[in-house]
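Secondary and tertiary structure notes
Okay, here's what each chain looks like letter by letter:
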Amino acid sequence: MSPDPITPPPSEAETVLDVTGLAKSFGSTAVLTSVDLTLRAGRVVCLIGPSGSGKTTVLRSLNGLERPDGGVVRAPGAGLDIDFSGPVDDATRNRLRDLSAMVFQQHNLFPHLTVMQNVIEGPMRVQRRPREEVIAEARSLLERVGLDARRDAYPSELSGGQQQRVGIVRALALRPRLLLFDEPTSALDPELVGDVLSVMKDLADEGWTMAVVTHELAFARDVADEVLFLDDGVVLERGAPERIFTAPREERTRRFLERLMRPF
Amino acid sequence: MDVELILSSLWPLIQGAVTGTIPLALVSFVLGLAVALLAALARLSPRWWLSGIARFYISVIRGTPLIVQLYVVFFGLPSVGVTIPSWPSAIIVLSLNVGGYAAEIIRAAILSIPRGQWEAAYTIGMPRWLALRRIILPQAARVSVPPLSNTFISLVKDTALTSLILVTEMFRKAQQIAAFSNEFLLLYIEAAVLYWVICLVLSAGQGTLERRLERHVA
Ligand SMILES: Nc1ncnc2c1ncn2[C@@H]1O[C@H](COP(=O)(O)OP(=O)(O)OP(=O)(O)O)[C@@H](O)[C@H]1O
Ligand SMILES: [Mg+2]
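Computed from a predicted structure; not experimentally measured.

Reading the values: the criteria
Residues numbered from 1 in each chain as written. Chains lettered and ligands numbered in written order. Predicted model: local features only at pLDDT ≥ 70, side-chain atom pairs only at ≥ 80, totals over all residues. Heavy atoms only, no water. Domains from an automatic or database assignment. Contact = heavy atoms within 4.5 Å. Buried area = accessible area lost by both parts, 1.4 Å probe. Salt bridge = Lys/Arg side-chain N within 4 Å of Asp/Glu carboxyl O. Helix = DSSP H or I, 4+ residues; strand = E, 2+ residues; numbered from the N terminus. UniProt positions renumbered as here; feature names shortened; annotations may be inferred. 1 Å grid on protein atoms, 1.4 Å probe; cavity = no way out; pocket = protein on both sides within 12 Å on 5 of 7 lines; lining within 4 Å. Points joined across faces, edges and corners; volume = space filled by probe spheres on them.

Glancing now at the domain arrangement of chain A. Accessible area lost on assembly of the parts is the figure often given for the size of an interface. Residues and elements named next belong to chain A. Domain boundaries assigned for chain A yield domain 1 (15-99 + 179-261) and domain 2 (111-175). Domain 1 and domain 2 are separated by 25 Å when their C-alpha centres are compared. In this complex, domain 1 contributes 12 residues to the contact, which on the side of domain 2 involves nine residues. Here domain 1 meets domain 2 over a buried area of about 900 Å², counting both sides, of which 76% is carbon and sulfur. At the surface where domain 1 touches domain 2, the tally comes to two salt bridges. R144 is paired through a salt bridge with E206; the nearest N and O atoms lie 3.0 Å apart. Broken down by secondary-structure element, the contributors of at least two residues to the side of domain 1 that touches domain 2 are β7 (178-182) and α6 (190-206).

This chain's UniProt record puts "domain: ABC transmembrane type-1" (unreviewed entry) on residues 18-206 of chain B. The span residues 18-206 of chain B is 83% helix and 0% strand, and its two end C-alpha atoms sit 20 Å from each other.

Which parts of space are left empty comes out when a probe the size of a water molecule is rolled across the atoms. Residues and elements named next belong to chain A. This model, assessed by the stated rule, comprises one cavity of 30 Å³ or more. Its volume calculated, the largest cavity comes out at about 50 Å³. Those elements that provide at least two residues to the lining of the largest cavity are β6 (100-103) and α5 (160-172). Tallying contributions element by element places α5 first for the lining of the largest cavity, with three residues.

Structure, rendered in structure tokens:
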């Protein structure tokens, strides 16, 4: 295979996180059967798939909110090689969590803290970085999403789109290697979606490594390097967005996309 | 109506409130809250023996009359050689009593904070105890304010029971003056009015506090 001179093949970018055979059951229900996923530096992977297919569970597993019962997660840069079929100690799980930062569907901002306090809580209380530095960085991040002027507001005083942008800044302030987005715009009023997506697109252009669960096909087409179609706990199909969206190989992928584009 | 007696007894009764009723309620409430927080956290602990102890404590406190609890400590314990004077007895019993009721309030408040708040705290790297202290408890505290204010107002009235273990708070003062002057109805109504005034002031304070805390709750 000769490398494409314009877009280098993904294998040339450093692997941030490599997941093989990720499995998770809740009681007797297998939610993830075996999910393979590679996140490379500066690349964006979008996860799509029907409700209940396990998209959220994949992200939550990578962020340590769920404990998978099988699969191997490797992070070469952090020297992590975790086999979830065996016991995994808390320290290892925390090191995996520290690689990534999560943006939730329902922003989950802390309602009793101001915008600024929300953003600096992790860097200051957990990472114990110097206050001046953390605040300066927080302000420039807020500035970038157009919210520096609202830094003393409480989350309840912001619009949904503004809240979600603060959620993104709170994640960025942790200086993660990797950003995880779980349907960041699906709880928003339609006219607020664009603001959040454009922030995400800027992040992708800047070279952030991202895994995004989304049903915004236009966004995925524009920003994703790879699209994964998840169905019933397995990756049924994967590929470049144009290929998946224009020529899906699997019948189920095709039907899912059809329903998304023509909901009724 | 004996206006002179009302006026001359007013000062000793107010004194009883200021040096007895109010400090007794305040001290017991603060200690009781500390007990309640520990009991609530123990009750939520995954360790069965810890939550079992907390459950037992809460059940005993809520399942027995306060007056009986006071009698056990003040009149009962001396027969096994443990003699505690009336003031410390009153503070111990009232604190443990408030602790039992407030523990359930605090536990319910902690459970009412959405799961997403725990998860957001975990994703910014917080361990469990830090998430509890920085994220969950401050929100639970706001949720608990209205029911805890009610607990405090009840406590203020309950302090009158400690007159039975000889604490010289407002109601005991009233009993003493009544016995001395033979004006039972007058003195007891006077005491009732004073309790009522104290509770009116506390309710007004509660309203203000709640309005201020209503902001920024999810
Ligand atoms: N804590 C849990 N306990 C039991 N079942 C769960 C739990 N969390 C998720 N599930 C189940 O796992 C399955 C996959 O859930 P998941 O949230 O990952 O799906 P999803 O692809 O994100 O769906 P959606 O598009 O609706 O968000 C669902 O059937 C869900 O009911
Ligand atoms: Mg989901």
